[in-house]
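For reference, the chains in residue letters:
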Amino acid sequence: MSNEWPLWEVFIRGQHGLSHRHVGSLHASDAEHAIRNARDVYTRRKEGISIWVVPASSIAASSPDEKGALYDPADDKVYRHPTFFDIPDDVGAM
Amino acid sequence: MYAQMIKSEATQDDPEKVAAFQARIDAGDKIEPKDWMPEGYRKTLIRQIGQHAHSEIVGQLPEGNWITRAPTLERKAILLAKVQDEAGHGLYLYCAAETLGVSRDELTEMLLDGRMKYSSIFAYPTLTWADMGAVGWLVDGAAIMNQVPLQRTSYGPYARAMVRICKEESFHQRQGFDVMMKMANGTAAQKRMAQDALNRLWYPSLMMFGPSDSDSVHSEQSMAWKIKMNGNDELRQKFVDQTVPQAEYLGLTIPDENLKWNDAKGGYDFSQPDWSEFFDVLKGNGPCSVERIEARQKAWDDGAWVREARMAHAAKKRAQKIAAE
């Protein structure tokens, strides 16, 4: 069991100008192998033009328990959005 | 379906936490791997997603049977692409199951030693080329009925895998129907083959949805958890209502004397499959049950040296890189 190929997370850039996006994971012995497998598993229908693979064990993630502490402070700061401010129509596009 | 007769596991967690969890599901939240979840939810999902994954992988075998004998090069390339898709579907699903804390090797071992099942439909043989049409048309058609609603299932990784799968599955069904159209409009012998394939695969396809909901004590919990989205009878009815006109279009006859449009319910009345046969197949007594597991066992054993060699090679390369630095 311990000799299982490690898990890799796969990120694909869909087209020029877009970010890589997480699409799933797979097992592979090393990075090169992971990219080859990702090509077969996640891009059979021209879904991408670039692949990133990252060892799943290298990813640090925020904990669901921290949700409140991390995201609640943004709740009362609606002025960060441009729609908070009323600009009279006479001013024109802004 | 691809996951049949999944018993929901009992949960012995803190009732307060369980209630909060249920409230999240009722509110339409997605549950993600690191979120708290009841043990029963986790175990039931491992079994359900695992069985679904095994079905995709074992499901390659009846179709792989015809790759080398496809009637044209184009049909061969298409069938190859479809079977490759099934491998991909299996891999998406295995990864989803692994996020619940089970390893890939454990899942494979549970399939091989019979602790986990695969769908009853794949224990049936594919005897002629027309079966490639009928499998795509009926089996993938039945699978889609179940998989489309599962895109909204409560477990995030499972729902996302289903989205990918559904995108690809529609090609499978249409290529199957395309084969059926060709056969049904071909020579008398070809049409007979198409009819024969329908005759043999009709009832096994109806079985895919599992026994009647009135006989299933586990549906309720799974429905509350939103890991089962529709009742078995409901989906089976939908499948029949959709498929009968397609068979008529092909000029083929559904092998059921009791099949009749029922105006009052707005659907067809039809005969149930032989449920004793279904239970027998699930126990591992299907016509191809032994052959299927033997094939998976052989692939597992024959691939062992590749899995080991790959790891040894990766370790060697790592060591060389460190030495060079």
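Residues numbered from 1 in each chain as written. Chains lettered and ligands numbered in written order. Predicted model: local features only at pLDDT ≥ 70, side-chain atom pairs only at ≥ 80, totals over all residues. Heavy atoms only, no water.

A. Looking closely at the sheet that holds strand 1 (residues 7-13) of chain A. Residues and elements named next belong to chain A. Taken in spatial order, the three strands line up as 2-1-3 in an open sheet, and their pairing is antiparallel. Of all strands in the sheet, those with a lone pairing partner are strand 2 (20-27) and strand 3 (50-55), marking the two edges. Across the sheet, the axes of successive neighbouring strands diverge by a mean angle of 30°, strand direction being ignored. Two elements, strand 1 and strand 2, share seven bridges in a ladder whose sense is antiparallel. Bridge pairing in strand 2 links Leu 7 to His 27. Most of the contacts of helix 1 (residues 31-42) go to strand 2, to which it runs at about 105°, and overall it touches strand 1, strand 2 and strand 3. (Pairing = 2+ DSSP bridges. Helix = DSSP H or I, 4+ residues; strand = E, 2+ residues; numbered from the N terminus. Axes fitted to C-alpha atoms, helices over the stretch in contact; angles between N-to-C directions. Contact = heavy atoms within 4.5 Å.)

B. A look at the environment of Ile 67 of chain B. Residues and elements named next belong to chain B. Position of Ile 67 relative to the elements: it lies in the loop between helix 3 (60-64) and helix 4 (73-98). Judged by its relative accessible area of 14%, Ile 67 falls in the buried class. Apart from residues no more than four positions distant in its own chain, Ile 67 is found in contact with Lys 76, Leu 79, Leu 80 and Val 83. (Buried < 20%, exposed > 50% of the residue type's maximum accessible area, 1.4 Å probe, protein only.)

C. Geometry of the packing of helix 6 (residues 130-150) of chain B against helix 8 (residues 188-207) of chain B. Residues and elements named next belong to chain B. One can describe the packing of helix 6 onto helix 8 by two numbers: an axis separation of 9 Å at closest approach and a directional angle of 30°. In this view, helix 6 runs roughly parallel relative to helix 8, as classed from their interaxial angle. As for the relative orientation of helix 6 and helix 8, their crossing is right-handed in sense. Only Met 193, Ala 194, Ala 197, Leu 198, Arg 200, Leu 201, Trp 202 and Ser 205 of helix 8 make contact with helix 6, whose side of the interface consists of Ala 130, Asp 131, Ala 134, Val 135, Trp 137, Leu 138, Val 139 and Ala 142. (Parallel < 35°, antiparallel > 145°, perpendicular 65-115°, else oblique. Left-handed = near helix turned anticlockwise from the far one by under 90°.)

D. The arrangement of the packing of aromatic side chains in detail. Residue and element names in this part refer to chain B. Counting across every chain of the model gives 14 aromatic pairs over all chains. Taking the centre distance of 5.9 Å and the plane angle of 65° together, the rings of Trp 137 and Phe 177 count as edge-to-face. Taken together, the positions of Trp 137 in helix 6 and Phe 177 in helix 7 (residues 156-184) put the pair 40 residues apart, joining distant regions of the chain. The residues Trp 137 and Phe 177 share a single accessibility class, namely buried. Judged by centre distance (5.2 Å) and plane angle (85°), the ring pair of Trp 275 and Phe 278 falls under edge-to-face. Taken together, the residues Trp 275 and Phe 278, both in helix 11 (residues 275-285) and three residues apart, mark about one turn of the helix. Taken individually, Trp 275 and Phe 278 each receive the classification buried, so the pair is uniform in this respect. The aromatic ring of Trp 66 is capped on one face by Arg 69, whose charged end is 4.0 Å from the ring centroid. The positively charged end of Arg 307 is found above the aromatic ring belonging to Trp 300, 3.7 Å away from the centroid. (Phe/Tyr/Trp six-rings, centres within 6.5 Å; stacked < 30°, edge-to-face > 60°. Lys NZ or Arg CZ within 6 Å of the ring centre and 35° of its normal.)

E. Local environment of the state of the cysteines. Taken as a whole and judged by the stated rule, the model has zero disulfides over all chains. The cysteine Cys 166 of chain B is free of any disulfide, with Cys 95 of chain B supplying the nearest cysteine sulfur at 18 Å. (Disulfide = S-S within 2.5 Å.)

F. How the structure looks around the packing of helix 2 (residues 39-58) of chain B against helix 5 (residues 104-112) of chain B. Residues and elements named next belong to chain B. Orientation of helix 2 relative to helix 5, taken along the N-to-C sense of each, is 70°, at an axis distance of 11 Å. Considering their axes alone, helix 2 and helix 5 lie roughly perpendicular with respect to each other. Here Ile 46, Gly 50, His 54 and Val 58 of helix 2 lie close against helix 5, whose contacting residues are Leu 107, Thr 108 and Leu 111. Residues of the contact of helix 2 with helix 5, tallied by class, amount to four nonpolar, three polar and no charged. (Nonpolar A, V, L, I, M, F, W, Y, C, P; charged D, E, K, R; others polar.)

G. Fine view of the interface of chain A and chain B. Listed as interface residues are 23 residues of chain A and, on the opposing side, 25 residues of chain B. Each partner contributes to the roughly 2,000 Å² buried at the junction of chain A and chain B, and carbon and sulfur atoms together form 51% of this total. Linking chain A with chain B are six salt bridges. Note that Arg 45 of chain A is salt-bridged to Asp 85 of chain B, the shortest N-O span being 2.5 Å. Counting the contacts that link chain A with chain B gives 14 residue pairs in polar contact (both at pLDDT 80 or more). Contributions of two or more residues to the side of chain A that touches chain B are made by strand 2 and helix 1 of chain A. (Buried area = accessible area lost by both parts, 1.4 Å probe. Salt bridge = Lys/Arg side-chain N within 4 Å of Asp/Glu carboxyl O. Polar contact = N/O pair within 3.5 Å; in protein donor to acceptor, adjacent residues only side chain to side chain.)

H. Up close: the nonpolar core. Residue and element names in this part refer to chain B. Counting 52 residues, the largest nonpolar core has Trp 129, Trp 137, Leu 138, Trp 202 and Phe 239 as its most contacted members. By residue number, the principal contributor to this core is helix 6, which donates 10 residues. Beyond its immediate sequence surroundings of up to four residues, Trp 129 is in contact with Trp 66, Ala 70, Pro 71, Arg 75, Leu 79, Val 179, Met 183 and Met 193. (Core = buried A, V, L, I, M, F, W, Y, C linked by side-chain atoms within 4.5 Å.)

I. Main features of the environment of Ala 197 of chain B. All names here are of chain B. With respect to the helices and strands, Ala 197 occurs in helix 8. Residue classification places Ala 197 among the buried residues on the basis of a relative accessible area of 0%. For Ala 197 and Ile 57, which are 140 residues apart along the polypeptide, the C-alpha to C-alpha distance reads 22 Å. Non-local contacts of Ala 197, meaning those with residues more than four positions away in its chain, are made with Ala 130, Asp 131 and Ala 134.

J. Just the pattern of salt bridges, in detail. All names here are of chain B. Within the structure shown, the criterion is met by 25 salt bridges over all chains. Arg 115 is the partner of Asp 113 in a salt bridge, and the nearest nitrogen-oxygen pair spans 2.8 Å. Overall, the relative accessible area of 46% leaves Asp 113 in the partly exposed class. In this structure, Asp 302 and Lys 298 form a salt bridge, with 2.8 Å as the shortest nitrogen-oxygen distance.

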